Amino acid sequence: MKYKIQRTCRVERRDMVVSHPDYGAVTVLCVRDKLEAVVDAARRWGVQWSDIARECTFTPAPDGKDETA
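Residue positions are given per chain, counted from 1 along the sequence in the order it is written. Local features in this predicted model are restricted to residues of pLDDT 70 or higher, and side-chain atom pairs are both shown and tallied only at a pLDDT of 80 or more, whereas totals for entire chains, interfaces and linings draw on every residue. To get the side-chain values, all heavy atoms of the structure are used, and hydrogens and water are removed first.

> Describe the pattern of salt bridges, listing the residues and the values that go with them.
Any carboxyl oxygen of Asp or Glu within 4 Å of a side-chain nitrogen of Lys or Arg constitutes a salt bridge here. For the structure on display, the rule yields three salt bridges. Residue D40 is joined to R44 by a salt bridge in which the shortest nitrogen-to-oxygen separation is 3.7 Å. Of the two residues, D40 and R44 both sit in helix α1 (residues 34–45), four residues apart, roughly one turn of that helix. Three exposure classes are used, based on accessible area relative to the maximum for each residue type with a 1.4 Å probe and protein chains only: buried under 20%, partly exposed in between, and exposed over 50%. On the accessibility criterion, D40 (10% relative accessible area) is buried. Numbering of helices and strands runs from the N terminus; a helix is a DSSP stretch of H or I covering at least four residues, while a strand is a stretch of E covering at least two.

Next up, the structure:
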């Protein structure tokens, strides 16, 4: 049985867009840092995060607020 996990953002977390030349772009929600963002994106793409981490670029999500500032 699958359960839907609802994440709630806290002050130190933010939404990010992770882009890769081969896999495109994906928005990851409520991440603390780039490592957590690339791991979440790699899961969605079905690849190992360590194989794609160097080629990824990270930008703040356009809809999300950066609450760390």
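Back to the text.
> Quick rundown of the sheet that holds strand β3 (residues 57–60)? Include the residues and the values.
Hydrogen bonding along the main chain pairs the strands of a sheet, whether they run parallel or antiparallel. Pairing between two strands is assigned when DSSP locates at least 2 bridges connecting them. Taken in spatial order, the three strands make up an open sheet running β2-β1-β3, and their pairing is antiparallel. Looking along the sheet, the strands with just one partner apiece sit at the ends: β2 (24–31) and β3. The average angle at which neighbouring strand axes cross in this sheet is 30 degrees, direction not considered. The contact criterion used is simple: two residues touch if any of their non-hydrogen atoms lie within 4.5 Å. All axes are obtained by fitting lines to C-alpha atoms, using only the stretch in contact for helices, and the reported angles, taken between N-to-C directions, cover 0 to 180 degrees. Its contacts with the sheet place α1 against β1 (14–20), β2 and β3, and it is angled at close to 125 degrees to β2.

> How would you explain the nonpolar core if you had to name every residue and give the values?
For this analysis, a nonpolar core means a set of buried residues of the types Ala, Val, Leu, Ile, Met, Phe, Trp, Tyr and Cys, connected via side-chain atoms within 4.5 Å. V18, V28 and W45 are the most contacted members of the largest nonpolar core, which has 13 residues in total. Elements with a minimum of two residues in this core: β1, β2 and α1. In terms of residue count, α1 provides more of this core than any other element does, six residues in total. When residues no more than four places from it in sequence are discounted, the contact partners of W45 are V18, H20, Y23, G24, A25, V26, I52 and C56.

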